[in-house]
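Overview (structure and organization)
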Amino acid sequence: MPSVRSGWIQGLCSLAHHPSALHFLADSGAVDTIFALQGDPSLFVASAASQLLVHILALAMQGGASGSPISEAAAWPICAQKIVNHVEESLHSKATPQVTQALNVLTTTFGRCHSPWTGVLWGRLSPPVACLFERDPIPAVHSLMDLLLSVARSHVLNFAACGLWEMLAQTLSRLSPTQAGPLALGTLKLQHCPQELRTQAFGVLLQPLACILKATTQAPGPPGLLDGTAGSSLTVDALLSSKSACVGLLCQTLAHLEELQMLPQCPCPWPQVPLLGATVTILRLCDGSVDPSSSMGGRLCGTLGGCVRVQRAALDFLGTLSQGTSPLELVLEVFAVLLKTLESPESSPTVLKKAFQATLRWLQNSHKTPNCSDLSPDALLFLGELFPILQKRLCSPCWEVRDSALEFLTHLIRHWGGQADFREALHSSEVPTLARQLLQDPESYVRASAVGTAGQLSSRGLQATSASPENPLAQQGLLMDLMHILSTDSEGFPRRAVLRVFTEWLRDGHADVIRDTEWFVATVLQAVSRDLDWEVRMQGLELAQVFLIQAMGQPSLHCPYTVGLPEATSPRPHPEFLQTLCRLPLFEFAFCALLDCDRPVAQKACDLLLFLRDKTTHCSGPQEAGDSPNSASVEAVLQRWREGEQGQPLGDLEPEAMLAILRSLDLEGLQGKLAKSSDHVEKSPQSLLQDMLATVGILEENEADCY
């Protein structure tokens, strides 16, 4: 059984720490068994066996790790010699699985061990590793690349002396474009990589996009992108060999370049213009709007036409390229291809979602004026063409499209809802009305997104029906609609969205909330306390905490101009506030949530009550036993709580009774218990014995044997 073999390996891992274990493992044949388990059908067992070999090798070499490296491997401990000899034999094997096993052991070794002896190990095994590149085909390519990068990240090797950089350069030139891509990206991530090797690796990543530009333009490609592409013939072959090869290479290249641009090791200068042009060209190849200038371009049109995978990868990279500086004519081309993608009936829901995300990023970065977030004139013209398309997508029969359109609209309002030109463009469309109607959508995900959009529209004063002194029901209508969703919607996603909107409204002082805050909080918490969704209850506690912070006058952010001033003492809660708190279901809701079956809810309730107790400590001094007329009712409440009867209402409580309950609870102790995960119970000896008894059956003789 794989579980038995895995357990045996874990046992040996613990046994290896014993002083006499290494001799025992070498003499008893256990190491040979571990060698065999490297080829186990179970991937978990095979991986554990390889890691155990590394663990044993590291333990065996601990004696020599503290001093200077042992120049002769023959002086190594017997157990270490046995493992290294096995790895070396496997590297010379003609069987690819054995070569892969040896490479994986070495990769893990150089990744975990950073002692001088690893330099001696690489000096011995680098020749057989180099010989692997002489084979045709090269075996275990991915494992071989992982090993080279693991060695290159070592802190104890002299790379120039051991010839690692030359080996990496030769590997990049010998591998196919698809194989060389991951190695090129890994090489560019290295901190101490020679500039010549970095240039070669970056050229490998750029070759596919250089071929795209060359195939679709009459003029030569932009300088700086096609330079040094001596291996471009291999790339052309890979692009034209089959649709799967072409799609795979382009998706891999776009993903690698997207990751590279975000890294500190990003090449400088970054070829922003040619990369942006190539990405736009790829999207046009996918939508069929490119007029190819060569036979290769015609074949690429047929291969990439309507390819969703390439469109998604290109849109992701296009969004990342928005952070760079681009000429205006190229930015207008980006807006044009985004509009075409968003408008095309052929665009899939996932492509539309990526297009919305890329559009948002380009709108955010279309201005380059410091400390200015206003939309540029070109972006405003783009929005004028975008809103009719957005209206169409809000009415799409596909719920994923409606959902993506609502999410995009919410982000637009959050960023530019206060800008006059944006507000005018939005008001001139039917978008707010359509978004409001989607509160009744049959799909719960769409209803949840519509709730967030409606909340943003209301916060910015952009609701579909404008509120005025003559028509105050416009805003009240939305508030009651959201209350209705919170109380009656059968799905959890819309209810969670309503709580997020209400919490934001309360925090920002929304007009509907401050009109009657007590009624608002009471109504929301009454609905939340009956909700079966733990995330709704969690968000309800967050709303309660925001209310407490605001009611007690606690600032949520520290003012930067008060640095160095003496701290003012926290204001004591006003007696009227304590009366209000007793009228609201807030305390009862948090009190009952202390023993919620979902641990995050109980933790949040405990934190909330601790906050409330700390802020009300000075409201009343400690009471003597029986001193309060409510002591009997307080004890009855606590008794019911200890017995688990949290479902019963607390009834009307006076402020002193509420404060007495807070003082009587061991909230710190409960907080400590809730901070523990379930592992301390599941891995306890008692739990283990219970599992054993459940396996063999509850019989007296078995019970005695287990204990």
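Calculation criteria
Residues numbered from 1 in each chain as written. Predicted model: local features only at pLDDT ≥ 70, side-chain atom pairs only at ≥ 80, totals over all residues. Heavy atoms only, no water. Helix = DSSP H or I, 4+ residues; strand = E, 2+ residues; numbered from the N terminus. Buried < 20%, exposed > 50% of the residue type's maximum accessible area, 1.4 Å probe, protein only. Contact = heavy atoms within 4.5 Å. Areas by Shrake-Rupley, 256 points an atom, 1.4 Å probe, with all protein chains shown as cover. Core = buried A, V, L, I, M, F, W, Y, C linked by side-chain atoms within 4.5 Å. Phe/Tyr/Trp six-rings, centres within 6.5 Å; stacked < 30°, edge-to-face > 60°. Lys NZ or Arg CZ within 6 Å of the ring centre and 35° of its normal. Salt bridge = Lys/Arg side-chain N within 4 Å of Asp/Glu carboxyl O. pLDDT = per-residue confidence, 0-100. Axes fitted to C-alpha atoms, helices over the stretch in contact; angles between N-to-C directions. Parallel < 35°, antiparallel > 145°, perpendicular 65-115°, else oblique. Nonpolar A, V, L, I, M, F, W, Y, C, P; charged D, E, K, R; others polar. Arc of directions from axis to C-beta. Expected span 1.5 Å × (residues − 1). Polar contact = N/O pair within 3.5 Å; in protein donor to acceptor, adjacent residues only side chain to side chain. Disulfide = S-S within 2.5 Å.

**Description of the overall build of the protein**
Of the regular secondary structure elements, the protein holds 39 helices and 0 strands. Looking at the protein as a whole, 48% of its 707 residues are labelled buried. Pairs at least 24 residues apart make up 72% of the contacts formed inside the protein by residues separated by at least 6 positions. Of the roughly 34300 Å² of accessible surface on the protein, a fraction of 54% belongs to carbon and sulfur atoms.

**Comments concerning the nonpolar core**
If you look at the biggest cluster of nonpolar residues, it comprises 220 residues, and the most contacted ones within it are W122, L482, F502, F520 and L548. Considering each element in turn, this core owes the most residues, 11 residues, to helix α13 (residues 195-216). Sequence-distant contacts of L548, defined by excluding residues within four places in its chain, comprise F577, L581, L586, L608, F611 and L612.

**Re the packing of aromatic side chains**
Enumeration according to the criterion identifies 11 aromatic pairs in this entry. With 4.5 Å between their ring centres and 20° between their planes, F335 and F382 make a pair best called stacked. Residue F335 is located in helix α19 (residues 328-343), and its partner F382 is located in helix α21 (residues 377-394); the two are separated by 47 residues in the primary sequence. For the residue pair F335 and F382, the accessibility class agrees, reading buried in each case. Within the aromatic cluster, the residues linked to one another by ring pairs are W399, Y445 and F493. The ring of F493 has R496 lying over it, and the distance from NZ or CZ to the ring centre is 5.0 Å.

**Brief notes about the pattern of salt bridges**
Applying the stated criterion across every chain yields a total of 22 salt bridges. A salt bridge links D614 to R613, with the nearest nitrogen and oxygen atoms 4.0 Å apart. For D614, a relative accessible area of 46% puts it in the partly exposed group. Overlapping salt bridges, with partners in common, bring together R496, D533 and E535 in one network.

**Comments concerning the confidence of the model for the protein**
Overall, the predicted model of the protein reaches an average pLDDT of 83, with 80% of residues at or above 70. Residue range residues 555-569 is modelled with pLDDT below 50. Its contacts to residues more than four positions away, or to other chains, number 0 contacts. Taken as a whole, residues 702-707 scores under 50 in pLDDT and shows 9 contacts with residues more than four places along the chain or in a different chain.

**Details of the packing of helix α18 (residues 308-321) against helix α20 (residues 349-364)**
Where α18 meets α20, the closest approach of the two axes is 8 Å, and the angle between their N-to-C directions is 10°. With respect to their mutual orientation, α18 and α20 come out roughly parallel. Across the interface between the two elements, V308, Q311, R312, L315, D316, L318, G319, T320 and L321 of α18 pack against T350, V351, K354, A355, A358, R361 and W362 of α20. Its residues assigned to classes, the contact of α18 with α20 shows 8 nonpolar, 4 polar and 4 charged.

**What to know about the environment of V451**
Within the fold, V451 resides in helix α25 (residues 444-459). For V451, a relative accessible area of 0% translates into the label buried. Taking C-alpha positions, V451 is 9.3 Å from R500, a pair spaced 49 residues apart along the chain. In contact with V451, other than residues within four places in its own chain, are L439, L482, I485, P494, A497, V498 and V501.

**Topic: helix α36 (residues 667-675)**
Turning to α36, its buried residues are L667, L670 and L674. For α36, the buried positions fall inside an angular range of 60° around the axis, keeping them on one side. Exposed residues on α36 whose side chains face more than 90 degrees from its buried face are K673 and A675.

**As for unusual backbone geometry**
Geometrically, the link from D136 to P137 is a cis peptide bond, its omega value of 0° lying close to zero. Along the chain, P137 falls in the loop between α8 (117-131) and α9 (141-152). Residue C268 is joined to P269 through a cis peptide bond whose omega torsion reads 5°. Inspection of the secondary structure puts P269 in the loop between α15 (243-261) and α16 (272-287). Positive phi outside glycine occurs at A140, with the angle close to 50°.

**Focus: α19**
With 16 residues, α19 should cover 22 Å at 1.5 Å per step; its first-to-last C-alpha distance of 22 Å lies within 8% of that length. Looking at α19, one finds that the buried residues are L330, V331, V334, F335, V337, L338, L339, T341 and L342. Contacts made by the buried residues of α19 are with α16, α18, α20 and α21.

**Examining the side chain of S348**
Along the chain, the position of S348 falls in the loop between α19 and α20. Using a relative accessible area of 16% as the deciding quantity, one classes S348 as buried. Of the polar contacts made by the side chain of S348, one reaches the side chain of T350; its length is 3.2 Å.

**So, the side chain of R537**
Locating R537 in the fold gives a position in helix α30 (residues 534-551). Those residues in contact with R537 that lie beyond four places of it in its chain are V528, D531, L532, F589, D596, C597, D598 and V601.

**With respect to the state of the cysteines**
Applying the stated criterion to the full structure yields 0 disulfides. Note on C251: no disulfide assigned, nearest cysteine sulfur contributed by C307 at a separation of 6.1 Å. Not part of a disulfide, C301 finds its nearest cysteine sulfur in C286, a span of 9.6 Å.

**Observations regarding the environment of H23**
The topology assignment puts H23 in helix α2 (residues 21-28). A C-alpha to C-alpha distance of 9.2 Å links H23 and P77, two positions 54 residues apart in sequence.

**Focus on the environment of E430**
Inspection of the secondary structure puts E430 in the loop between α23 (420-427) and α24 (431-437). Take E430: its relative accessible area is 46%, and that puts it in the partly exposed class. Separated by 43 residues in sequence, E430 and F387 place their C-alpha atoms 8.6 Å apart.

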